[in-house]
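The chain contents come next:
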Amino acid sequence: MQTIITTTGTSLLSNATRELKKKKGESCAEDELQNYLKSVGPEKASAETKSLLKIANSTDEVVLLYTKTINGELCAQVISRYLKSNKWSNIALRELPLEENEAQFERRGLRELVNILIEEITKAQRENREVIINATGGFKAEIAYTTIVGMIFQVPVKYIYQLFEQPITFPSLPISWDINLLLEYESFFQWIDEEPRKNLEVEKRLKIIPELERNQVQQLLLPADENNEIMLSAAGDILWKRVAQQRELAEFIEDASPSKIPIADKISSSLNEVKHHFPKGTRKFVEKIAQVEAVEEIISGNFENTTNKRIKKIDDDGSIRLLWADNEKAVNLFLRTTARGQPQTLKLCDRYIRPLLDS
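Description of the structure in this document. (Residues numbered from 1 in each chain as written. Predicted model: local features only at pLDDT ≥ 70, side-chain atom pairs only at ≥ 80, totals over all residues. Heavy atoms only, no water.)

### Some remarks on the overall build of the protein
Rule in force here: Strands are runs of DSSP state E lasting at least two residues, helices are runs of H or I lasting at least four, and both sets are numbered from the N terminus onward. Accessible surface area values rest on a Shrake-Rupley calculation with a 1.4 Å probe, where residue burial reflects the displayed protein chains alone. We count Lys and Arg on the positive side and Asp and Glu on the negative side, and we leave His and both chain ends out. Charge positions come from single atoms, namely NZ of Lys, CZ of Arg, CG of Asp or CD of Glu.
Helix and strand counts for the protein stand at 15 helices and 12 strands. When the backbone C-alpha atoms are referred to their principal axes, the protein occupies close to 85 × 50 × 30 Å. Of the roughly 18,400 Å² of accessible surface on the protein, a fraction of 49% belongs to carbon and sulfur atoms. The distance from the centre of the 49 positive side-chain charges to the centre of the 54 negative ones in the protein is 1 Å.

Laid out in structure tokens, this is it:
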């Protein structure tokens, strides 16, 4: 069984108003919309019903997301009743707080859209349902952001242009999206996700981040609002929630298998070279890392002018890059492990590597 998450607009009302030759400013009553839908048929009546007939079956779960407006709710209710009258038994409605308010649309509305989409995707996936996003109806901005969510959460997005008969599919991409910036500066993203923060506080925290990465972090933030407060943008919220989802998935994935390499052979000879002045405690730290069963090799990299220890990168092949630092400088360390895939590598990193780094 599938779950079809459908953004619902007001095409039903627009089409009926035009077809019934309503006067300017005159709208349609609910019974008029129901009669119109029945008389012209679902393919002609609205973008939502036309697309659902092409994408879903009557046994599928359909979630109709509608905007927080009188017309948005009216159209969703009429479509829901029509589907149920035609033996579509698993229909749910959910309100999107996308008010026709320009000031709040970007700051609140799009983030709420993202949050609700991700909640519905996660709920369906927990129930082992295949998920499809139907982005045919609703605001154009909804199409853009539902497509981004679909790509990052690896859910196909379908869309039917008004002149087409068959849906276009934006398939889920078989890649893991780069969440390393969010992992590297996790404490910052966790802090700003909790509530809007004053611009001065944000600037203070951003100053400790190197310039290149600081610019990347700022791209995931909205400008300060009228209260001089900053929050994650909708795009930043999508990526941050992807981190949370990967962690949730990791809980159900088995640990990486133990390496067959002896502990003494895991530490690269580059970490024994006396010509390098490594940060204090480096040798003791890598010896602890070598005792982690899934670690296969530890290699030293370049030095950095920072005193901030942190995880810098994880890859699908199980490699982990981190910074070990003292009060003067830091050295990059590269770990090769038996982990495979983003969730399993993240689990290994969170459960075994990060606690050693933070101790």
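### A look at the sheet that holds strand E1 (residues 2-8)
To keep things clear, this is the line we draw: Strands were regarded as paired on the criterion that DSSP finds at least two bridges between them. Orientation is described by lines fitted to C-alpha atoms, with helices fitted over the stretch in contact, and by angles between N-to-C directions that extend from 0 to 180 degrees. Residue contacts follow a heavy-atom distance rule, with two residues in contact if any of their heavy atoms lie within 4.5 Å.
If you walk across this open sheet you meet the six strands as E3-E2-E1-E4-E5-E6, and the pairing is mixed. Whereas interior strands pair on both sides, the edge strands pair on one side only; in this sheet they are strand E3 (91-96) and strand E6 (168-170). With direction set aside, neighbouring strand axes in the sheet form an average angle of 25°. Taken together, the three bridges between strand E5 (residues 157-159) and E6 define a ladder with antiparallel strand orientation. Bridged to Lys158 within E6 is Thr169. The strands touched by helix H4 (residues 47-55) are E1, strand E2 (61-67), strand E4 (130-134) and E5; relative to E1, the strand with the most contacts, the crossing angle is about 165°. Its contacts with the sheet put helix H5 (residues 70-85) on E1, E2 and E3, and the angle it makes with E2 is roughly 160°.

### Remarks on the pattern of salt bridges
Applicable threshold: Salt bridge, as applied in this entry: a Lys or Arg side-chain nitrogen positioned within 4 Å of an Asp or Glu carboxyl oxygen. With a 1.4 Å probe rolled over the protein chains alone, any residue whose accessible area is under 20% of its type maximum counts as buried; one over 50% counts as exposed, and the rest are partly exposed.
Scanning the model with the defined rule gives 30 salt bridges in all. Here Asp193 ties to Arg111 by a salt bridge, and the two come within 3.3 Å at their closest N and O atoms. Taken as a pair, Asp193 in helix H9 (residues 186-194) and Arg111 in helix H6 (residues 102-126) lie far apart in primary sequence, 82 residues in all. On the basis of relative accessible area, Arg111 is assigned to the buried category, the value being 12%. Among the ionic contacts, a cluster of salt bridges with common partners joins Glu184, Glu213, Glu304, Arg310, Lys312 and Arg321.

### Digging into the packing of helix H2 (residues 30-40) against H5
Which entries qualify depends on this criterion: Note that the term roughly parallel is reserved for angles under 35 degrees, roughly antiparallel for angles over 145, roughly perpendicular for angles of 65 to 115, and oblique for everything else. We call a crossing left-handed when the near helix sits turned anticlockwise from the far one by less than a right angle, and right-handed when that turn is clockwise. Ten residue types, Ala, Val, Leu, Ile, Met, Phe, Trp, Tyr, Cys and Pro, are classed as nonpolar, four, Asp, Glu, Lys and Arg, as charged, and the remainder, Gly among them, as polar.
Where H2 meets H5, the axes come as close as 10 Å, and the angle between the chain directions of the two elements is 45°. What the angle tells us is that H2 and H5 run oblique. Of the two possible hands of crossing, H2 and H5 adopt the one that is right-handed. Taken together, the residues of H5 that come into contact with H2 (itself represented by Glu30, Leu33, Gln34, Leu37 and Lys38) are Leu74, Val78, Arg81 and Tyr82. Across the contact of H2 with H5, the residue classes tally to five nonpolar, one polar and three charged.

### Thoughts on the nonpolar core
Considering soluble globular proteins, one finds that nonpolar side chains tend to be buried as a cluster. Note the threshold: To qualify as a nonpolar core, a set must consist of buried Ala, Val, Leu, Ile, Met, Phe, Trp, Tyr and Cys residues joined through side-chain atoms within 4.5 Å.
Phe188, Phe189, Ile298 and Ile353 are the most contacted members of the largest nonpolar core, which totals 68 residues. It is H6 that contributes the most residues to this core, eight residues altogether. Apart from residues no more than four positions distant in its own chain, Ile353 is found in contact with Ile289, Val292, Val295, Ile311, Ile320, Leu322, Leu335 and Leu348. With 23 residues, the next largest nonpolar core counts Leu13, Ala16, Tyr82 and Leu83 among its residues.

### Examining the state of the cysteines
Note the following rule: Here, two cysteine sulfur atoms that lie within 2.5 Å of each other are counted as a disulfide.
One pass over the full model with this rule turns up zero disulfides. Cysteine Cys28 shares no disulfide, and the gap to the nearest cysteine sulfur, in Cys75, comes to 9.2 Å. Since its relative accessible area comes to 6%, Cys28 is described here as buried. In this structure Cys75 comes out as buried when scored by relative accessible area, which is 0%.

### Considerations on the layout of surface pockets
Here is the rule: The definitions used throughout rest on a 1 Å grid laid over the protein atoms alone, on which a cavity is an enclosed set of points accommodating a 1.4 Å probe that cannot get out and a pocket is an open set flanked by protein within 12 Å on both sides along at least five of seven lines; lining residues are those having an atom within 4 Å of a point. Grid points are joined across faces, edges and corners, and a volume is the space filled by probe spheres set on the points.
Size it by volume and the largest pocket reaches roughly 760 Å³. Lining the largest pocket are 32 residues, and of these Ser11, Ala47, Thr136, Gly137 and Gly138 sit closest to its centre. Counting residues per element, the ones that place at least two in the lining of the largest pocket are helix H1 (11-19), helix H3 (42-45), H4, H5 and helix H7 (140-152). Among the elements that make up the lining of the largest pocket, the one with the highest residue count is H1 (six residues).

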